[in-house]
Amino acid sequence: MKIFKLFCLFALLGGAACTGNDDDTPTGSTGGTDKPGTEEPSGALTLNVTSRFLAADGKDAVVFTVTKGDSDVTADAAIFDMDTSAELSAPSFSTTNPGTYKFFASYNKEISEIVTVSAVSGVPDLPVDPNPDRYDGFRRHVLITQFTSCECTYCPNAIASLIDYFKANTSGDAIHAGVHVAIPSADNMVNLSSLAIKNMMVITTAPTLAYDLDKETRNKSLTSNIAANVKDIEKAVAKRLALDTPCGISAAVTATTTQIQINAGVKVSVDGDYRISAWLLEDGIKETQINGTGISGYDFNTHNNVVRAISNVGYVPGDPLGADGSLTKGESARFFATFDITQAKVANAANCKVLIVVTTHDAASPTVYYVANLISCPVGGVVGYEYLN
């Protein structure tokens, strides 16, 4: 009787009585202190958690703290599981059952906002970090998003340009994601995730290339002069590579017959707000591409790096890293995610890779996120932290 239990709890916090008998109802606390002469702290009541992601192995654990303004009141607060209304016996949580868990804290008849923790099973191990105490000098990668459609007459201009760019630039500095959109109409690779990326980037024309999810980098001027387009791509990538690299990323990806599982770690070299997401990409998808450009000599009907799904469709920049998305230099954070192979319409998981995309924002624009760094990890593979020297 979850509704009954929660009603009892909130009634207790409000000072009302609750009658009745429910065998599942725990005898929880409302938190607070009765110490005489103690001045109560002021400010918002906040439930903090060390990570919003957890391996469902019974060993991995997240740790909670409760703050009232700037004061730590964990010892005098009570923390509850929202689904069971049970009070936690300690300010930590572990589980062997994958799923989404919600928690809140109470202190002196006040309750905090709800905190969500995702527990994931089958999490692969990250590779060993060769420099575990190092938090600077990370290698940077640039995300090239290609907004395209098989129904787009001039999209082969971009396809050919990207093929030639990656033939000439094999260092791995740039990572490509093909985002299929309904411009002028949808093909079979359009999905909710690709449309979410399109909407975030305010894409109205195909083909369009963009870099690091920065709207200011959108290039709609791709012509049939492929060599000139390649030069433009090289210049755009070089400009992004010259920026500071505020974080490094490591990842491991495995697959079963039904799921693709991701484990990622992030190390931060610059204080800031960070979010993270996983993008599932697939190679080798066959679909006929309309070609009104007159360009030939390229395989336009095989589509690679196609976005099948992203981990947070509701907010493309991703989930907050760490407790609240704010990390300082020398801190690290973890991220777990899974993709359902059937829901993502993956034809062959062996042809898939996962991008781990970390985003941040400038102080002047706290709601405008762009890519801070990213990596690409094949299914069944691992990618370690990359250092420049």
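Higher on the page you've got the structure.
Residues numbered from 1 in each chain as written. Predicted model: local features only at pLDDT ≥ 70, side-chain atom pairs only at ≥ 80, totals over all residues. Heavy atoms only, no water.

Draft legend 1. Inspection of the state of the cysteines at higher detail. Under the defined criterion, the tally for this structure stands at one disulfide. Bridging cysteine 152 to cysteine 155, the disulfide has an S-S length of 2.3 Å. One disulfide, between cysteine 152 and cysteine 155, carries an S-S torsion of 90° and so falls in the right-handed class. Both residues of the pair, cysteine 152 and cysteine 155, belong to the buried class. As a non-bridged cysteine, cysteine 352 has cysteine 377 as the owner of its nearest cysteine sulfur, 12 Å distant. The buried category is assigned to cysteine 352, whose relative accessible area is 4%. (Disulfide = S-S within 2.5 Å. Buried < 20%, exposed > 50% of the residue type's maximum accessible area, 1.4 Å probe, protein only.)

Draft legend 2. How the structure looks around the sheet that holds strand β25 (residues 382-383). Read across the open sheet, the four strands follow the order β22-β15-β14-β25; overall the sheet is antiparallel. Here the strands that pair on one side only, and so sit at the sheet edges, are β22 (332-340) and β25. Relative to strand β15 (residues 259-268), strand β14 (residues 247-255) is paired through nine bridges, and the arrangement is antiparallel. Its bridge partner lying in β15, alanine 255 is registered against isoleucine 260. (Pairing = 2+ DSSP bridges. Helix = DSSP H or I, 4+ residues; strand = E, 2+ residues; numbered from the N terminus.)

Draft legend 3. Structural detail: the environment of aspartate 324. As for its placement among the helices and strands, aspartate 324 is situated in the loop between β20 (319-320) and β21 (326-327). The exposure class of aspartate 324 is exposed, given its relative accessible area of 53%. Sequence-wise, aspartate 324 and alanine 186 are 138 residues apart; in three dimensions their C-alpha atoms are separated by 37 Å.

Draft legend 4. View of the pattern of salt bridges. By the definition in use, this model includes 11 salt bridges. Ionic pairing is found between arginine 240 and aspartate 212, a salt bridge with its closest N-O pair at 3.1 Å. One end of the pair, arginine 240, is in helix α4 (residues 226-241); the other, aspartate 212, is in the loop between β12 (208-211) and β13 (214-219), with 28 residues separating them in the sequence. Note on accessibility: arginine 240 and aspartate 212 belong to one class, buried. The closest approach of N and O atoms between glutamate 282 and arginine 308, which form a salt bridge, is 2.9 Å. Of this pair, glutamate 282 sits in strand β16 (residues 272-282) while arginine 308 is found in strand β19 (residues 306-310), placing the two residues 26 residues apart along the sequence. Residue glutamate 282 is classed as buried on the basis of its relative accessible area, which comes to 1%. The exposure class assigned to arginine 308 is buried, which follows from its relative accessible area of 10%. Taken together, the shared-partner salt bridges connect Arg140, Asp212, Asp214 and Arg240 into one network. (Salt bridge = Lys/Arg side-chain N within 4 Å of Asp/Glu carboxyl O.)

Draft legend 5. Seen up close, helix α2 (residues 156-168). Counted at 1.5 Å a residue, the expected span for α2 with its 13 residues is 18 Å, and the 18 Å between its end C-alpha atoms agrees. All of the buried residues in α2 are Pro156, Asn157, Ala158, Ile159, Ala160, Ser161, Leu162 and Tyr165. Tucked into the core, α2 has its buried residues touching β10 (142-148), β11 (174-180), β12 and α4. (Expected span 1.5 Å × (residues − 1). Contact = heavy atoms within 4.5 Å.)

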